[in-house]
Amino acid sequence: MTVHVVVYEPAEDGGRRVRLDERFLGMAYTLLDIAEFLRAAGLPDVEPGEVATASWVEWRGGGPGAWQP
């Protein structure tokens, strides 16, 4: 896959900003949220488990299990 997704550190409410390339997609609270954002952005086959392990997802401030600041 030739996309680059950045999931930023958890905010005070546990949400994490999600960016696809240079586009902000939204505030995610679960892996499912991230997968849904990516599907809506045109990546139809993305599953939550793939988001957690994909090399094209950059996790900042904690990995896919970190949802609290």
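Description of the structure in this document. (Residues numbered from 1 in each chain as written. Predicted model: local features only at pLDDT ≥ 70, side-chain atom pairs only at ≥ 80, totals over all residues. Heavy atoms only, no water.)

## Describing the sheet that holds strand 4 (residues 57-59)
Argument step 1. An order of 3-2-1-4 is seen for the 4 strands of this open sheet, with the pairing classed as mixed. Taken across any chain shown, the strands that pair with only one partner, and hence form the sheet edges, are strand 3 (23-28) and strand 4. Averaged over all adjacent pairs, the angle separating strand axes in this sheet is 20 degrees, with direction ignored.
Argument step 2. With respect to the sheet, helix 1 (residues 31-40) is in contact with strand 1 (5-7), strand 2 (16-20), strand 3 and strand 4, its orientation differing from that of strand 3 by roughly 150 degrees. (Pairing = 2+ DSSP bridges. Helix = DSSP H or I, 4+ residues; strand = E, 2+ residues; numbered from the N terminus. Axes fitted to C-alpha atoms, helices over the stretch in contact; angles between N-to-C directions. Contact = heavy atoms within 4.5 Å.)

## Some words on the nonpolar core
Argument step 1. Val5, Ile34, Leu38, Val46, Val51, Trp56 and Val57 are the most contacted members of the largest nonpolar core, which totals 17 residues.
Argument step 2. Of all elements in the fold, only strand 1, strand 2, helix 1 and strand 4 reach the threshold of two or more residues within this core.
Argument step 3. Not counting residues within four places of it along the chain, the set of residues in contact with Val46 comprises Ala35, Leu38, Arg39, Val51 and Trp56. (Core = buried A, V, L, I, M, F, W, Y, C linked by side-chain atoms within 4.5 Å. Buried < 20%, exposed > 50% of the residue type's maximum accessible area, 1.4 Å probe, protein only.)

## Digging into the packing of aromatic side chains
Argument step 1. Counted under the stated rule, the structure contains 0 aromatic pairs.
Argument step 2. The ring of Trp67 carries the charged tip of Arg16 above its face, separated from the ring centre by 5.6 Å.
Argument step 3. The ring of Tyr8 carries Arg17 above its face, with NZ or CZ at 4.1 Å from the centroid. (Phe/Tyr/Trp six-rings, centres within 6.5 Å; stacked < 30°, edge-to-face > 60°. Lys NZ or Arg CZ within 6 Å of the ring centre and 35° of its normal.)

## Structural notes on the pairing of strand 3
Argument step 1. As paired elements, strand 2 and strand 3 share 5 bridges and run antiparallel to each other. Across the sheet, the residue bridging to Arg17 is Met27, located in strand 3.
Argument step 2. Between strand 2 and strand 3, which follow one another and run antiparallel, lie 2 residues, and Asp21 among them has a positive phi close to 50 degrees.

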